[in-house]
There are 2 protein chains.
Amino acid sequence: MSKDKIAAAIRDVRDFPCPGIVYKDITPLLKDAALFAEAVELMAEMCRPLRPSCVAAVESRGFIFGAALALQLQCGFVPVRKKGKLPYHTLAASYELEYGEATIEVHRDAVQPGERVVLVDDVLATGGTARAAAGLLRELGGEIVGVNFLLELSFLNGREQLQEYRVSSLLATGN
Amino acid sequence: MSKDKIAAAIRDVRDFPCPGIVYKDITPLLKDAALFAEAVELMAEMCRPLRPSCVAAVESRGFIFGAALALQLQCGFVPVRKKGKLPYHTLAASYELEYGEATIEVHRDAVQPGERVVLVDDVLATGGTARAAAGLLRELGGEIVGVNFLLELSFLNGREQLQEYRVSSLLATGN
């Protein structure tokens, strides 16, 4: 089954970025042309019923599946970036990380009121970044029709942060 | 002509990131589903004759066109990242910026010896980042069959940094 092959191409790297953490390394999956294309199409199949007009994603890794999905879904792409990176008029949101705080921004003209937006990322961990990004896009008037992930780390309960949204993930792992 | 439409969707933002600089803002282009898809396909047409097996790109903005092009070309995707972001065994290169220095990394198993690699980015400015990334991929044994950009800022002479490579860009601007 192809979902199994996609899952098998995600590499566990122990003790990154710090001791005790098992990092989900998607680079072997990205490198396999057929598996990458299949993962994008399977994610697109989850998003099509939501009839989005654009795909939004947070830098940096989010841009990989976000841009590929936008292309596959024939949607526009909205980059959400770290503070100070976007050149035009922006709207910002700060959120808590395990250590400290992060701020992300989106262009104020990135989404039109009522526009159907799917938010995409590779990994759902604690959900803090996705929650902040979805909030920003909503503040612009966008309708978040779904939040879609390649891989959900179920044991981190990220869905709890995203209860207001329709969350889906291609793969899930309990460890 | 569609290249004109693509060019018209790139917005000039004055005095970003600092006074006197005119920043080329591609977000309006990305947001237009048809123009984004067309730009990706036109870039893909430039890359297909090079018969790449993978597309490499440097974070963050490079990931947008890089991932989309990998999908369009049915290639694998190789992310080149800033120092400390890639979890597995890496190879690093430092290069000079206008102020200070930057370091980028790639996974040591990202490219196989002899593999045909196209390096992609949205904007060719001074060429320093592309030169460093191409050097890294070569050090792994990859053959850089081309370096392809959406937009070349011709007045910055970035091609001079990339004389060893076949450089192409969909659009060029002299100002």
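In this report, we go over the structure that sits alongside the text. This one's a predicted model, so the numbers in the text were calculated from it and none came from an experiment.

Some details on the sheet that holds strand E9 (residues 167-173) of chain B
Residue and element names in this part refer to chain B.
(1) Moving on: Taken in spatial order, the seven strands make up an open sheet running E5-E6-E4-E3-E7-E8-E9, and their pairing is mixed. Taken across any chain shown, the strands that pair with only one partner, and hence form the sheet edges, are strand E5 (90-96) and E9. Strand-to-strand twist across the sheet, computed as the mean angle between neighbouring axes with direction ignored, equals 20 degrees.
(2) Moving on: With four bridges connecting them, strand E3 (residues 54-58) and strand E7 (residues 116-124) associate as parallel partners. Paired with Cys54 across the strands is Val117, a residue of E7.
(3) Moving on: Against the sheet, helix H5 (residues 128-139) touches E3, strand E4 (76-82), E5, strand E6 (101-107), E7 and strand E8 (143-153), its axis set at about 150 degrees to E5.

Here's the deal with the side chain of Ser168 of chain B
(1) Moving on: By the element assignment, Ser168 of chain B lies in strand E9.
(2) Moving on: Sequence-distant contacts of Ser168 of chain B, that is, excluding residues within four places in its chain, are made with Met46, Val147, Asn148, Phe149 and Arg159 of chain B.

Remarks on the interface of chain A and chain B
(1) Moving on: With 41 residues of chain A at the contact, the number on the chain B side is 41 residues.
(2) Moving on: Buried surface at the junction of chain A and chain B, both sides included, amounts to about 3100 Å², of which 66% is carbon and sulfur.
(3) Moving on: Contact with chain B buries area across many residues of chain A, yet Lys31, Leu71 and Pro87 of chain A alone supply 22% of it, more than any other trio.
(4) Moving on: At the boundary of chain A and chain B, one finds four salt bridges.
(5) Moving on: Of the charged contacts, one joins Lys31 of chain A and Glu115 of chain B as a salt bridge, the two residues approaching to 3.0 Å between their closest N and O atoms.
(6) Moving on: Across the side of chain A that touches chain B, the residue classes tally to 24 nonpolar, eight polar and nine charged.

Structural notes on the sheet that holds strand E4 (residues 76-82) of chain A
Strand pairing in a sheet takes place through backbone hydrogen bonds and is either antiparallel or parallel in direction.
Residues and elements named next belong to chain A.
(1) Moving on: Overall, mixed pairing links the seven strands, which are arranged E5-E6-E4-E3-E7-E8-E9 in an open sheet. Strand pairing shows two members of the sheet lacking a second neighbour, strand E5 (90-96) and strand E9 (167-173), which therefore form its edges. Direction aside, the axes of adjacent strands within the sheet are offset by 20 degrees on average.
(2) Moving on: Summarising the sheet, E4 and strand E6 (residues 101-107) pair through two bridges and their orientation is antiparallel. For Arg81, the partnering residue across the bridge sits in E6 and is Glu105.

Side note on helix H3 (residues 33-47) of chain B
(1) Moving on: With 15 residues, H3 of chain B should reach 21 Å at 1.5 Å per residue; the first-to-last C-alpha distance of 21 Å fits that figure.
(2) Moving on: Those residues of H3 of chain B lying buried are Leu35, Phe36, Ala39, Val40, Leu42, Met43, Ala44 and Cys47 of chain B.

A few points about the packing of aromatic side chains
For any pair of aromatic rings, the description rests on two quantities: the centre-to-centre distance and the angle between the ring planes.
(1) Moving on: One pass over the full model with this rule turns up six aromatic pairs over all chains.
(2) Moving on: Between Phe63 of chain A and Phe77 of chain A, the ring centres sit 5.7 Å apart and the planes meet at 85 degrees, which makes this aromatic pair edge-to-face. Remark: Phe77 of chain A occurs in strand E4 and Phe63 of chain A occurs in helix H4 (residues 62-72); sequence separation between them is 14 residues.
(3) Moving on: Accessibility expressed as a relative area gives 0% for Phe63 of chain A, which makes it buried.
(4) Moving on: We note Arg11 of chain A situated over the ring of Tyr88 of chain B; from NZ or CZ to the ring centre the distance is 3.5 Å.

A closer look at the relation of the copies chain A and chain B
(1) Moving on: Rotating chain A by 180 degrees about the axis while translating it 0.0 Å along that axis superimposes it on chain B, leaving an RMSD of 0.0 Å. What the rotation and shift describe, once combined, is the action of a two-fold rotation axis.
(2) Moving on: Interface overlap between copies: 100% of the residues of chain A at the interface are likewise at the interface in chain B, consistent with a symmetric, same-surface contact.

A look at the nonpolar core
(1) Moving on: Judged by nonpolar contacts, the single largest core of 74 residues is most densely connected at Phe36, Phe65 and Leu150 of chain A together with Phe36, Phe65 and Leu150 of chain B.
(2) Moving on: The contact partners of Leu150 of chain B, leaving out residues within four places of it in the chain, are Ile6, Ile10, Ile26, Leu29, Ala39, Met43, Phe65, Asp121, Asp122, Ser169, Leu170 and Leu171 of chain B.

Focus on H4 of chain A
Residues and elements named next belong to chain A.
(1) Moving on: Across the eleven residues that make up H4, a large majority, ten, are buried.
(2) Moving on: All of the buried residues in H4 are Gly62, Phe63, Ile64, Phe65, Gly66, Ala67, Ala68, Leu69, Ala70 and Leu71.
(3) Moving on: Positive backbone phi, at 55 degrees, marks Gln74, one or two positions downstream of H4.

Details of a positive patch on the surface
(1) Moving on: Together, Lys82 and Lys85 of chain A together with Lys82 and Lys85 of chain B line one region of the surface with positive charge.
(2) Moving on: With respect to the helices, strands and loops of the structure, Lys85 of chain B is situated in the loop between E4 and E5.

Some thoughts on the packing of helix H3 (residues 33-47) of chain A against H4 of chain A
Residue and element names in this part refer to chain A.
(1) Moving on: Running from N to C, H3 and H4 point in directions that differ by 65 degrees, and their axes come no closer than 9 Å. What the angle tells us is that H3 and H4 run roughly perpendicular. Crossing angle aside, the handedness with which H3 passes H4 is right-handed. From H3, Phe36, Ala39, Val40, Glu41, Met43 and Ala44 reach across to H4, where they touch Ile64, Phe65, Ala68, Leu69 and Gln72.

Remarks on the pattern of salt bridges
(1) Moving on: As enumerated under the stated definition, the model contains 22 salt bridges over all chains in all.
(2) Moving on: Residue Glu143 of chain A is joined to Arg116 of chain A by a salt bridge in which the shortest nitrogen-to-oxygen separation is 3.8 Å. Taken as a pair, Glu143 of chain A in strand E8 (residues 143-153) and Arg116 of chain A in strand E7 (residues 116-124) lie far apart in primary sequence, 27 residues in all.
(3) Moving on: We note a salt bridge from Glu164 of chain A to Arg138 of chain A, for which the minimum N-O separation is 2.6 Å. Here the residue Glu164 of chain A occupies a position in the loop between E8 and E9, and Arg138 of chain A occupies one in helix H5 (residues 128-139), the gap between them amounting to 26 residues.
(4) Moving on: Exposure remark for Glu164 of chain A: the relative accessible area of 49% places this residue in the partly exposed category.
(5) Moving on: Sharing partners across several salt bridges, the network here consists of Arg11 and Asp25 of chain A together with Asp109 of chain B.

How each quantity is defined
Residues numbered from 1 in each chain as written. Chains lettered and ligands numbered in written order. Predicted model: local features only at pLDDT ≥ 70, side-chain atom pairs only at ≥ 80, totals over all residues. Heavy atoms only, no water. Pairing = 2+ DSSP bridges. Helix = DSSP H or I, 4+ residues; strand = E, 2+ residues; numbered from the N terminus. Axes fitted to C-alpha atoms, helices over the stretch in contact; angles between N-to-C directions. Contact = heavy atoms within 4.5 Å. Buried area = accessible area lost by both parts, 1.4 Å probe. Salt bridge = Lys/Arg side-chain N within 4 Å of Asp/Glu carboxyl O. Nonpolar A, V, L, I, M, F, W, Y, C, P; charged D, E, K, R; others polar. Expected span 1.5 Å × (residues − 1). Buried < 20%, exposed > 50% of the residue type's maximum accessible area, 1.4 Å probe, protein only. Phe/Tyr/Trp six-rings, centres within 6.5 Å; stacked < 30°, edge-to-face > 60°. Lys NZ or Arg CZ within 6 Å of the ring centre and 35° of its normal. Least-squares fit on C-alpha atoms with pLDDT ≥ 70 in both. Core = buried A, V, L, I, M, F, W, Y, C linked by side-chain atoms within 4.5 Å. Patch = residues over 30% accessible without salt bridge, like charges linked within 9 Å, V, L, I, M, F, W, Y side chains within 5 Å. Areas by Shrake-Rupley, 256 points an atom, 1.4 Å probe, with all protein chains shown as cover. Lys, Arg positive; Asp, Glu negative; His and termini not counted. Charge placed at Lys NZ, Arg CZ, Asp CG, Glu CD. Parallel < 35°, antiparallel > 145°, perpendicular 65-115°, else oblique. Left-handed = near helix turned anticlockwise from the far one by under 90°.

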